[in-house]
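The lines below spell out each chain.
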Amino acid sequence: MSHRDAEIAVFVDRLESGHAMGHKVLAAEHPRYGQQAVRTSLGRITQAGHLRWIKEHITVEDNTMRWVTRTYWSRTRRSAEWWAEFARERHGKDVTWDHQSGLARVEEATAAPVPDATEPESEPETIPEPESEPVGVAYRTLSALRAAEPRMALSDGDCGSLEPLAQEWLSRGATPKDITRALTEGLPPAVSNPGGLARRRLESKMPPKQRTPRARVTRVLMVCGICEQDERTVKLDRGVCEECLAAEDEPEEGPATVPDTFLRVPRRWHL
């Protein structure tokens, strides 16, 4: 690799999990090189065997499907055959818990890839994550019981101690109305201990946990590291299509490799 390519390779290696890998994003953050330089270097780093762009078709149990393009990075130079086998092994992978964006790194010490990935900015991951309830909703729901049913007037202490149980209801898909209904329907004529009754009902009527639909990779396609066209429409050579290879006329700056001194620096990977 040229000196510039090696410098950009080091820059990519420093990226945290989940960082976008589009050349425009990287150029905006790199202190020395613009979009065209970064785009060209990413193509050369891909050809050198450190990067691959892979489009994965994700099928979820809820019958939703989507294409996700991930960028896989390896500090070790890998052959085209190695990357082809890596792509084949992605087929059928269960990605229920690791479908989020991130930078997938293949460490030198292992042959198996780390199951993290980074998507280019053009195709963001679309599998939605569960939305957390706003802070205080559980507490406000409990404190509002006195207005809905005077017999269930809870003290501040009751609301505070019962808040985790009510929050668990919300995390399982229940609404504040569901909690209010569960705590106010079918009450005895007189309630001497509303806090104790509320606790018993919150525990005994707790809704079941929602199961996360399973997601699997059902198809895998290699993508050009420069123009992002996949192998259905272009012929790829070491991760880059023939048209992009033919357009590469920028002179090399001389041989270089990713500095060994950098590769030895210990890092904290966010897996």
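Source: prediction; values computed, not measured.

### Observations regarding the overall build of the chain
Across its full length, the chain holds eleven helices and six strands. Evaluated residue by residue, the chain yields a buried proportion of 45% over its 271 residues. Residue pairs at least 24 apart in sequence account for 66% of intrachain contacts in the chain once pairs closer than 6 positions are excluded. Carbon and sulfur atoms make up 52% of the accessible area of the chain, which amounts to about 14300 Å² in all.

### Section: the pairing of strand S1 (residues 51-60)
Counting buried positions along S1 gives nine out of ten residues, so the element sits mostly inside the fold. Alignment of S1 against strand S2 (residues 65-74), held across nine bridges, turns out to be antiparallel. Its bridge partner lying in S2, Leu 51 is registered against Trp 73. Turn length for the S1-S2 hairpin, with the two strands adjacent in sequence and antiparallel, is four residues, and the turn residue Asn 63 shows positive phi of about 75 degrees.

### Remarks on the packing of aromatic side chains
Counted by the stated rule, this structure contains four aromatic pairs. With 5.1 Å between their ring centres and 90 degrees between their planes, Trp 82 and Trp 83 make a pair best called edge-to-face. By relative accessible area, which is 22% here, Trp 82 ends up partly exposed. Overall, Trp 83 belongs to the buried group, its relative accessible area being 0%. For the ring pair Trp 83 and Phe 86, a centre distance of 5.5 Å and an interplane angle of 90 degrees mean the geometry is edge-to-face. Linking Trp 83 with Phe 86, this pair stays in helix H4 (residues 80-90), spanning three residues, or about one helical turn. In textbook terms, an aromatic cluster arises when at least three aromatic residues are bridged by ring pairs, as seen for Tyr 72, Trp 82, Trp 83 and Phe 86. Looking at Lys 55, its charged tip hangs above the ring of Trp 67, at a distance of 5.9 Å from the centre.

### Examining the environment of Thr 180
Here Thr 180 is to be found in helix H8 (residues 176-184). Separated by 39 residues in sequence, Thr 180 and Thr 141 place their C-alpha atoms 7.2 Å apart. Those residues within four positions of Thr 180 in sequence are excluded, and the remaining contacts are Thr 141, Leu 145 and Ala 148.

### Considering the nonpolar core
With 20 residues, the main nonpolar core has Leu 142, Met 152, Leu 154, Leu 162, Ile 179, Leu 183 and Leu 202 as its most contacted residues. Of all the elements in the fold, those that place two or more residues in this core are helix H5 (137-143), helix H7 (156-171), H8 and helix H9 (194-204). With six residues, the top contributor of residues to this core is H7. Setting aside chain neighbours within four positions, we find Leu 183 in contact with Leu 142, Leu 145, Met 152, Ala 198, Arg 201 and Leu 202. The next biggest cluster of nonpolar side chains, apart from the first, holds 19 residues, and it includes Phe 11, Tyr 33, Ala 37 and Ala 48.

### What to know about the pattern of salt bridges
Summed over all chains, the structure comprises 16 salt bridges. A salt bridge links Glu 7 to Arg 32; its shortest N-O distance comes to 2.8 Å. Pair noted here: Glu 7 is in helix H1 (residues 3-13) and Arg 32 is in the loop between helix H2 (23-29) and helix H3 (35-47), with a separation of 25 residues, a long-range link. A salt bridge links Asp 230 to Lys 55; the nearest nitrogen and oxygen atoms lie 3.2 Å apart. Note that Asp 230 is positioned in the loop between strand S4 (215-223) and strand S5 (236-237) and Lys 55 in strand S1, a separation of 175 residues in sequence. Summarising the burial analysis for this pair, Asp 230 and Lys 55 share the class buried. One continuous salt-bridge network, built from bridges that share partners, spans Arg 4, Asp 5 and Arg 44.

### Quick word on H3
Over its 13 residues, H3 extends 18 Å from the first C-alpha to the last, a length consistent with the 18 Å expected when each residue adds 1.5 Å. Counted residue by residue, H3 has ten buried out of 13 residues, so it is predominantly covered. The set of residues buried in H3 consists of Ala 37, Val 38, Thr 40, Ser 41, Leu 42, Gly 43, Arg 44, Ile 45, Thr 46 and Gln 47. Among the structural elements, H1, H2, S1, S2, strand S6 (240-241) and helix H10 (242-247) are those in contact with the buried residues of H3. Positive backbone phi, at 100 degrees, marks Gly 49, one or two positions downstream of H3.

### Considerations on the confidence of the model for the chain
One rule of thumb: low pLDDT means the predicted coordinates there are not for detailed reading. Looking at the chain as a whole, its pLDDT mean stands at 78, while 77% of the residues score no less than 70. Element-level pLDDT for the chain is lowest in helix H11 (residues 260-263), with a mean of 34, against a maximum mean of 96 in H9. In this model, residues 250-271 is a region of pLDDT below 50 whose contacts with residues beyond four sequence positions or in other chains number 43 contacts.

Reading the values: rules and limits
- Numbers given for residues are sequential positions, taken from 1 along each chain in its written order.
- Totals for whole chains, interfaces and linings use every residue, but because this is a predicted model, local features are given only for residues with pLDDT of at least 70 and side-chain atom pairs only at 80 or more, for both listing and counting.
- Where side-chain values are given, they derive from all heavy atoms of the structure, hydrogens and water being excluded.
- What counts as a helix is a DSSP run of H or I of at least four residues, what counts as a strand is a run of E of at least two, and both are numbered from the N terminus.
- Burial classes follow relative accessibility: with a 1.4 Å probe on protein chains only, a residue under 20% of its type's maximum area counts as buried, one over 50% as exposed, and anything between as partly exposed.
- The contact rule is simple, with two residues in contact once any of their heavy atoms fall within 4.5 Å.
- Method for areas: the Shrake-Rupley scheme with a 1.4 Å probe, in which residue coverage is limited to the protein chains shown.
- Whether two strands pair comes down to DSSP finding at least two bridges between them.
- Side-chain rings of Phe, Tyr and Trp (the six-membered ring for Trp) are treated as a pair once their centres are within 6.5 Å; stacked means planes under 30 degrees apart, edge-to-face means over 60, and tilted covers the remaining angles.
- Any Lys NZ or Arg CZ found within 6 Å of a ring centre and within 35 degrees of that ring's normal is scored as a charge over the ring.
- Residues grouped as a nonpolar core are buried Ala, Val, Leu, Ile, Met, Phe, Trp, Tyr and Cys residues, joined through side-chain atoms within 4.5 Å.
- Salt bridges are defined by distance alone: a side-chain nitrogen of Lys or Arg within 4 Å of a carboxyl oxygen of Asp or Glu.
- Each residue after the first adds 1.5 Å to the expected span of a helix.
- Residue-level confidence of the predictor is what pLDDT reports, using numbers from 0 through 100.

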